[in-house]
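Spelled out from the first residue to the last, the chains are:
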Amino acid sequence: MGKKVLFINQEITPYVPESEMANFGSDMPNSMQEAGFEIRTFMPKWGAINERRGQLHEVIRLSGMNLIIDDTDHPLIIKVASIPQTRIQVYFIDNEDYFQKRSAMTKDELGNDYPDNGERAIFFARGVLETVKKLRWTPDIIHCQGWMSAVIPFYVKTAYHDEPQFANSKVITSLFSEQPHDDLGSNFKRCLEFRNAKASMLKKYGDNFDFMELGKLAIDYSDGIVETSKNVNADLMKYASDSKKAILEHPADSEVKAQYGEFYNKIIG
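The structure presented is a predicted model; accordingly, all values stated were derived computationally and were not measured.

A. A look at the packing of aromatic side chains. Tallied over the entire structure, the rule returns 16 aromatic pairs. When the centroid spacing of 5.4 Å and the interplanar angle of 90° are considered together, the rings of F37 and Y264 count as edge-to-face. Of the two residues, F37 sits in the loop between α1 (20–34) and β2 (38–44) while Y264 sits in helix α9 (residues 256–268), which places them 227 residues apart along the sequence. Using a relative accessible area of 9% as the deciding quantity, one classes F37 as buried. In this structure Y264 comes out as buried when scored by relative accessible area, which is 0%. A ring pair is formed by Y98 and F123, whose centres lie 5.4 Å apart and whose planes are at 55°; its orientation type is tilted.

Now the structure itself:
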């Protein structure tokens, strides 16, 4: 069996409308599975997802945990489905307040970012990592696609570093052109605290976490960075380059499978 890759996606077609990010969310796990890697895939269970059409069902043995964020309990619900025409199973992170009650993904009907997107990203990140622990699955690579997964690298290298399943995992972050317009709020650093992931570790970042600060956080705690297109924020790419991280520049479509496979193996070492 090949190396194990955990994909943590913000969006995946066909569960949400096509976009650059959603297509990557669907195509990359499939391509890497075809290349011989063993895959697990996660995404948020956005309120807009039609569960009946997508054939989602709850996984009772994985659900039922409560995650405490900002002193409030939030029940974790896990659902699963298979992407049609592939053998890719998708695990969905769900919660009534953060996802079920919203009719859209990260923006409301007026196009404004949800004010608690930061908390939602934290819930999503911890929900994924706790579920992977329950699955007793040990990823060699954790590949984060989309800004909703941007706190995963920080958690893997701090709060979950001593967990046997993540102690040797390498983290890769894909940077996309899409970005939130509003910051994640002045309480984001406090909400991010968990175990030995301390707010004091975040002093170098601005108090109001905006897209740039979130991107820097992901880059700082990742082992490799993927530039998904030529439209990625130039300042973030410069930050990644200056940090001397391994970078995979936008590969040609015909070379995606080979170049990503080589990049994974390079990061694993």
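More follows now that the structure is in view.
B. Local environment of empty space enclosed by the protein. Evaluation of the coordinates by the stated rule reveals two cavities of 30 Å³ or more. Approximately 140 Å³ is the volume found for the largest cavity. Around the largest cavity, the lining comprises 16 residues; the ones closest to its centre are G146, W147, S174, L175 and F211. For the lining of the largest cavity, the secondary-structure elements that each account for two or more residues are β9 (170–175) and α7 (211–220). At four residues, the largest contribution of residues to the lining of the largest cavity is made by α7. Partitioned by chemical class, the residues of the lining of the largest cavity number 10 nonpolar, five polar and one charged.

Rules used throughout
- Residues numbered from 1 in each chain as written.
- Predicted model: local features only at pLDDT ≥ 70, side-chain atom pairs only at ≥ 80, totals over all residues.
- Heavy atoms only, no water.
- Phe/Tyr/Trp six-rings, centres within 6.5 Å; stacked < 30°, edge-to-face > 60°.
- Helix = DSSP H or I, 4+ residues; strand = E, 2+ residues; numbered from the N terminus.
- Buried < 20%, exposed > 50% of the residue type's maximum accessible area, 1.4 Å probe, protein only.
- 1 Å grid on protein atoms, 1.4 Å probe; cavity = no way out; pocket = protein on both sides within 12 Å on 5 of 7 lines; lining within 4 Å.
- Points joined across faces, edges and corners; volume = space filled by probe spheres on them.
- Nonpolar A, V, L, I, M, F, W, Y, C, P; charged D, E, K, R; others polar.

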